[in-house]
Amino acid sequence: IPIKAELILDILKLKEEKNAVILGHNYMEPALFTYVPDYKGDSLELSRKAANTDKDVIVFCGVVFMAETAKILSPDKTVLVPSLDAGCSLAESISADDIKALRELFPGVPVVSYVNTYADVKAESDYCCTSGNADRVMKHLGNDTVIFLPDRFLASNVADQLGRRIIFPEKKHGKFTGNFTDRYGKTIDARIDEPASWKGAVIGWDGRCEVHEKYTPDDIIRVRQQFPDVVVLAHPECPPEVIKEADFAGSTSAMIDYVQKTQAPHYLLMTECSMGDNIMAANPEKDMLRLCSVRCPHMNQISLEQTKTALEELRYQIELDEDLRKRALLAVERMLAL
Ligand code: 13P
Ligand code: SF4
């Protein structure tokens, strides 16, 4: 009998009463993740589920930008997120006004926004992408200049994967200086007012995931000293130096698939720690080494208790301005069509 079985049963009963579907991101805490969601997955898989449900209510056990994406795709449904405190450092790092300013600086350059952004940012973007399809979206756009935001590490990792140059518009005291920096923050020989100097580059933004930015190559090197045959999996929101030391990089679901489909003596996950617990529970015969230093504080807001209250009180409902939603939908649909 699971811990909190009564609470879990209450949630499942309420789900039937309210004709709801529960979507659970891979980072949900184990008790919730194991027993509550109808569908589990990464941002891309869950947005596809949200687009295709016939239920009246979608309860999104994930962070607010994920619930917003569900509402963008299913405007006629009641979309609930169990806590409004479930933010995301990446989504907070960029505003719609920032994109307008970038468009003025780089006229005609397409903007690709990571799904970890709020709806108003998606509404100003040409394409949305997730960690599961960022390379596909970038390949679709060809080799011309692209603005890719807000995650500087995901942008650098995708640029490396595609053999592209990545540069960042330099900002000081909140203002663009007209210069660019490289990925290490060093000013480079390129100027915004000289388009020939940045043509063909991936132009990034200085957003970071507060969880994945904490991992370092030394974390991997130390574990490899003790377990030379360990297989290391990293989320592409980790710094490029970490991705280079890892054996595999992919979305949360791609990492889960990798563990399920391979037989390695040991695995090490460079991602937030509830997911490590969930994989361990699902694969008790596999040796998951622990480097569980970081729990996403935003995903951590979503508890069984909050999920029950969300269903009881139909809170917190995601509401979006219809014009903004339609503009954001364009970017999301272009991604889903690829
Ligand atoms: P995934 O799309 O890979 O699930 O990532 C979402 C996220 O927020 C990772 O930190
Ligand atoms: Fe955002 Fe990082 Fe948390 Fe994912 S793990 S929701 S990117 S803060």
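Residues numbered from 1 in each chain as written. Chains lettered and ligands numbered in written order. Predicted model: local features only at pLDDT ≥ 70, side-chain atom pairs only at ≥ 80, totals over all residues.

- With an unreviewed UniProt entry as reference, the protein chain is termed Quinolinate synthase, source organism Rarispira pelagica.
- We quote the UniProt Pathway (unreviewed entry) comment for the protein chain here in full: "Cofactor biosynthesis; NAD(+) biosynthesis; quinolinate from iminoaspartate: step 1/1." (UniProt positions renumbered as here; feature names shortened; annotations may be inferred.)

**What about the overall build of the protein chain?**
- Each helix and strand counted, the protein chain has 15 helices and 15 strands in total.
- Taken over the C-alpha trace, the protein chain has a radius of gyration of 20 Å; the compact-globule value for 338 residues is 20 Å, and the two agree within 12%.
- In terms of overall dimensions, the protein chain has a C-alpha envelope of 65 × 55 × 35 Å along the principal axes.
- Counting the 338 residues in the protein chain, one finds 45% classified as buried.
- A fraction of 65% describes how many contacts in the protein chain between residues 6 or more apart in sequence connect residues 24 or more apart. (Helix = DSSP H or I, 4+ residues; strand = E, 2+ residues; numbered from the N terminus. Rg over C-alpha atoms; globule rule 2.2 N^0.38 Å. Buried ≥ 20, exposed ≤ 12 C-beta atoms within 10 Å, placed from the backbone. Contact = placed C-beta atoms within 7 Å.)

**Some details on the domain arrangement of the protein chain**
- Examined at the domain level, the protein chain breaks down into domain 1 (5–87 + 300–320), domain 2 (90–203) and domain 3 (212–295).
- Taking only C-alpha atoms, the centre of domain 1 and the centre of domain 3 are 27 Å apart.
- With 12 residues of domain 1 in contact, the opposing surface of domain 3 contributes 11 residues.
- Elements represented by at least two residues in the side of domain 1 that touches domain 3 include exactly α2 (30–35) and α3 (43–52).
- Counting residues per element, the side of domain 1 that touches domain 3 draws most heavily on α2, at three residues.
- Here the residues of the side of domain 1 that touches domain 3 are counted per class, giving five nonpolar, four polar and three charged. (Domains from an automatic or database assignment. Nonpolar A, V, L, I, M, F, W, Y, C, P; charged D, E, K, R; others polar.)

**Focus on the sheet that holds strand β10 (residues 187–191)**
- Strand order in the open sheet formed by seven strands is β6-β5-β7-β11-β8-β9-β10, with mixed pairing between adjacent strands. Strands with a single pairing partner mark the edges of an open sheet, and in this sheet they are β6 (127–129) and β10.
- The sheet contact formed by strand β8 (residues 166–172) and strand β9 (residues 175–181) spans four bridges and is antiparallel. If you follow F168 over to β9, its bridge partner there is T181.
- Where helix α15 (residues 322–337) meets the sheet, it contacts β5 (111–114) and β6, and its direction lies at approximately 60 degrees from that of β6. (Pairing = 2+ DSSP bridges. Axes fitted to C-alpha atoms, helices over the stretch in contact; angles between N-to-C directions.)

**Thoughts on the pairing of β9**
- Here β8 folds back onto β9 in antiparallel fashion, the turn holding two residues, of which H173 has a positive phi close to 50 degrees.
- Pairing of β9 with β10, which is carried by three bridges, proceeds in the antiparallel orientation. Opposite T181, over in β10, you have T187 as the bridge partner.
- Hairpin geometry of β9 and β10 is characterised by an intervening segment of five residues between the two adjacent antiparallel strands and by a positive phi of about 85 degrees at G185.

**A short note on the sheet that holds strand β12 (residues 230–234)**
- Strand order in the open sheet formed by four strands is β13-β12-β14-β15, with parallel pairing between adjacent strands. The two strands at the open ends of the sheet, each matched to only one other strand, are β13 (248–249) and β15 (288–289).
- Of the pairings in the sheet, the one linking strand β14 (residues 266–270) to β15 comprises two bridges and is parallel in character. Within β15, the position partnered with L268 by the bridge is L289.

**Topic: the site of ligand 2**
- Taken together, the neighbourhood of ligand 2 is formed by 13 residues, with C88, S89, C209, V211 and C296 sitting nearest.
- Of the residues that constitute the shell around ligand 2, the class distribution is seven nonpolar, three polar and three charged. (Near = placed C-beta within 6 Å.)

**Observations regarding helix α14 (residues 304–313)**
- Along α14, the residues that are buried comprise L304, T307, A310 and L311. End-on, the buried residues of α14 take up no more than an arc of 120 degrees, which puts them together on one face.
- For α14, the secondary structure elements touched by its buried residues are α1 (5–17), β1 (20–25), α2, β3 (57–61) and β4 (78–80).
- At the C-terminal side of α14, L314 shows a positive phi close to 45 degrees. (Arc of directions from axis to C-beta.)

**So, the packing of helix α4 (residues 64–73) against α15**
- Axis separation between α4 and α15 bottoms out at 9 Å; the angle between their running directions is 100 degrees. When the interaxial angle is binned, α4 and α15 end up roughly perpendicular. Judged by residue contacts, T69, I72 and L73 of α4 engage R325, A328, L329 and V332 from α15.
- Classifying every residue of the contact of α4 with α15 by side-chain character gives five nonpolar, one polar and one charged. (Parallel < 35°, antiparallel > 145°, perpendicular 65-115°, else oblique.)

**Describing unusual backbone geometry**
- Look at the link from L149 to P150: it is a cis peptide, with omega at 0 degrees.
- Tracing the backbone shows P150 in the loop between β7 (146–149) and α9 (152–162).
- For the peptide bond that leads from R315 to Y316, omega is -10 degrees, which places it in the cis range.
- Along the chain, Y316 falls in the loop between α14 and α15.

**Considering the environment of F65**
- By secondary structure assignment, the location of F65 is in helix α4.
- Judged by the 25 C-beta atoms lying within 10 Å of it, F65 falls in the buried class.
- Remark: the alpha-carbon pair of F65 and K122, spanning 57 residues in sequence, is separated by 10 Å.
- F65 has contacts with C88, A91, V115, N116, T117 and Y118, leaving out every residue within four places of it along the chain.

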